[in-house]
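So the chains spell out like this:
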Amino acid sequence: MNKKSIARNSLAQIIMILTSVMIIFPLYFMTINSFKTREQYLVDPVGLPNPFTLQNYVDAFAGKDFLLWFANSLILSLGAVALTMIVGLFAGYAFAKMKFRGRDALFSLIIPLMSVPPVAMLIPLFRTVVKLGMVNTLGSVIFIYCGLCLPMTVYMIRNFLLSVPDAILEAARIDGCSRFRSLFSIVLPLSVPAIITSGLVNLVWAWNELMVALVFLQKENLRTLIVGTTIFKSRYGLNVPVIMAGLVVVTLPMIIVYIFGQKKLVQGLMSGAVKE
């Protein structure tokens, strides 16, 4: 290995180490300070807590609001992801394996929607929801989340299904399988990596979404965990350890989901990337 290669590899390793530190340090700062008293935080905000205390978590869960916000976020996230994956699987299958007039034109119209920021659609969405009388309902936000997540989901599932040989579906059709039977018995099991990947991405987005939940869920008992945390921070503005405890509770579920789903996530991202 020559000197240029060594220097290039060393530079790449330094960049990766610095990037890892930049990503991990906020999590470290948030976690350790959630176990400190306010006095410990003021004296040493980056050192380990001595002694550890769970009082911040007790204060965070002192009222019923935090648990209610958590439940609302869970209902919205899981409901939106489930609806998105059902619709996305049918749409992705249709775009990949069914021939109908205007298929390519319709798909080319769906793709640009992935780049439209949700805030640009906030006013027309709000006017529509008001006319339907669905403001301050979890169902309206679930449908909005589904609509915002669908373009990416359809794109990912459709591209994955293009790598599934048509001969498999044709053989099933010859054996008497209907399209629905082929979809659930053949396509669905083969699509698990793509479904899990897009599902994880949608779940993380829906869990952390703020703008739509803030505008469409105006009642206090309908707030999500992210919206409630903003109020939580203003309430404990001078007690940083309690805020850190609340942020740990907000972040921990998605970290757990990623840890257990990272293998399927990588597999899904790679699936369909190369056609044989």
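Coordinates for the structure precede this section.
Residues numbered from 1 in each chain as written. Predicted model: local features only at pLDDT ≥ 70, side-chain atom pairs only at ≥ 80, totals over all residues. Heavy atoms only, no water.

A. Up close: the packing of helix α4 (residues 65-97) against helix α9 (residues 179-190). For the pair α4 and α9, the least separation of the axes is 12 Å and the interaxial angle reads 100°. Viewed along their axes, α4 and α9 adopt a mutual orientation that is roughly perpendicular. Contacts from L89, F90, Y93 and K97 in α4 reach R179, F180, L183, F184, V187 and L188 in α9. (Axes fitted to C-alpha atoms, helices over the stretch in contact; angles between N-to-C directions. Helix = DSSP H or I, 4+ residues; strand = E, 2+ residues; numbered from the N terminus. Parallel < 35°, antiparallel > 145°, perpendicular 65-115°, else oblique. Contact = heavy atoms within 4.5 Å.)

B. Geometry of the nonpolar core. Counting residues in each nonpolar core, the largest one holds 33 residues, and the members touching the most others are Y93, I157, L161, V187 and L225. Of all the elements in the fold, those that place two or more residues in this core are α4, α7 (138-161), α8 (166-174), α9, α10 (192-208), α12 (225-235) and α13 (240-270). Looking at which element gives the most residues to this core, the answer is α13, with eight residues. Apart from the residues lying within four places of it in its own chain, the contact partners of L225 are F66, W69, F70, S73, W207, V249 and V250. Counting residues in hydrophobic clusters, the runner-up holds 16 residues, among them L138, I142, Y145 and A206. (Core = buried A, V, L, I, M, F, W, Y, C linked by side-chain atoms within 4.5 Å. Buried < 20%, exposed > 50% of the residue type's maximum accessible area, 1.4 Å probe, protein only.)

C. Structural view of the side chain of T53. Structurally, T53 can be placed in the loop between α2 (38-43) and α3 (55-60). Within polar-contact distance, the side chain of T53 engages the backbone nitrogen of Q55 at 3.2 Å. (Polar contact = N/O pair within 3.5 Å; in protein donor to acceptor, adjacent residues only side chain to side chain.)

D. The arrangement of the state of the cysteines in detail. Throughout the structure, instances matching the rule amount to zero disulfides. Free cysteine: C146, not disulfide-bonded; nearest cysteine sulfur from C149 at 7.5 Å. (Disulfide = S-S within 2.5 Å.)

E. Structural view of unusual backbone geometry. For the bond from N50 to P51, the omega torsion is 0°, close enough to zero to count as cis. You can see P51 is positioned in the loop between α2 and α3. Here N136, not a glycine, exhibits a phi torsion of approximately 65°, which is positive. With respect to the secondary-structure elements, N136 resides in the loop between α6 (122-132) and α7.

F. How the structure looks around the side chain of K97. On the secondary structure map, K97 appears in helix α4. According to the relative accessible area criterion, K97 is buried, its value standing at 15%. Here the side chain of K97 touches V164 through a polar contact of 2.5 Å, landing on its backbone oxygen. Aside from chain neighbours lying at most four places away, what touches K97 is L161, L162, V164, P165, D166, L169 and R179.

G. Just a nonpolar patch on the surface, in detail. On the surface, I17, V21, I23, I24, F25, Y28, V46 and L48 cluster together into a nonpolar patch covering about 780 Å² of accessible area. With respect to the helices and strands, the residue V21 is situated in helix α1 (residues 3-33). On the basis of relative accessible area, V21 is assigned to the partly exposed category, the value being 48%. (Patch = residues over 30% accessible without salt bridge, like charges linked within 9 Å, V, L, I, M, F, W, Y side chains within 5 Å. Areas by Shrake-Rupley, 256 points an atom, 1.4 Å probe, with all protein chains shown as cover. Salt bridge = Lys/Arg side-chain N within 4 Å of Asp/Glu carboxyl O.)

H. Quick look at the pattern of salt bridges. Considering all chains together, one arrives at three salt bridges under this definition. One salt bridge in this structure joins K97 and D166, with 2.6 Å as the shortest N-O distance. Here K97, found in helix α4, pairs with D166, found in helix α8; they are 69 residues apart in sequence, far enough to count as distant. The salt bridge partner of R223 is E220, with a shortest N-O separation of 3.9 Å. A residue is classified by how much of its surface remains accessible, and E220, at 44% relative accessible area, is partly exposed.

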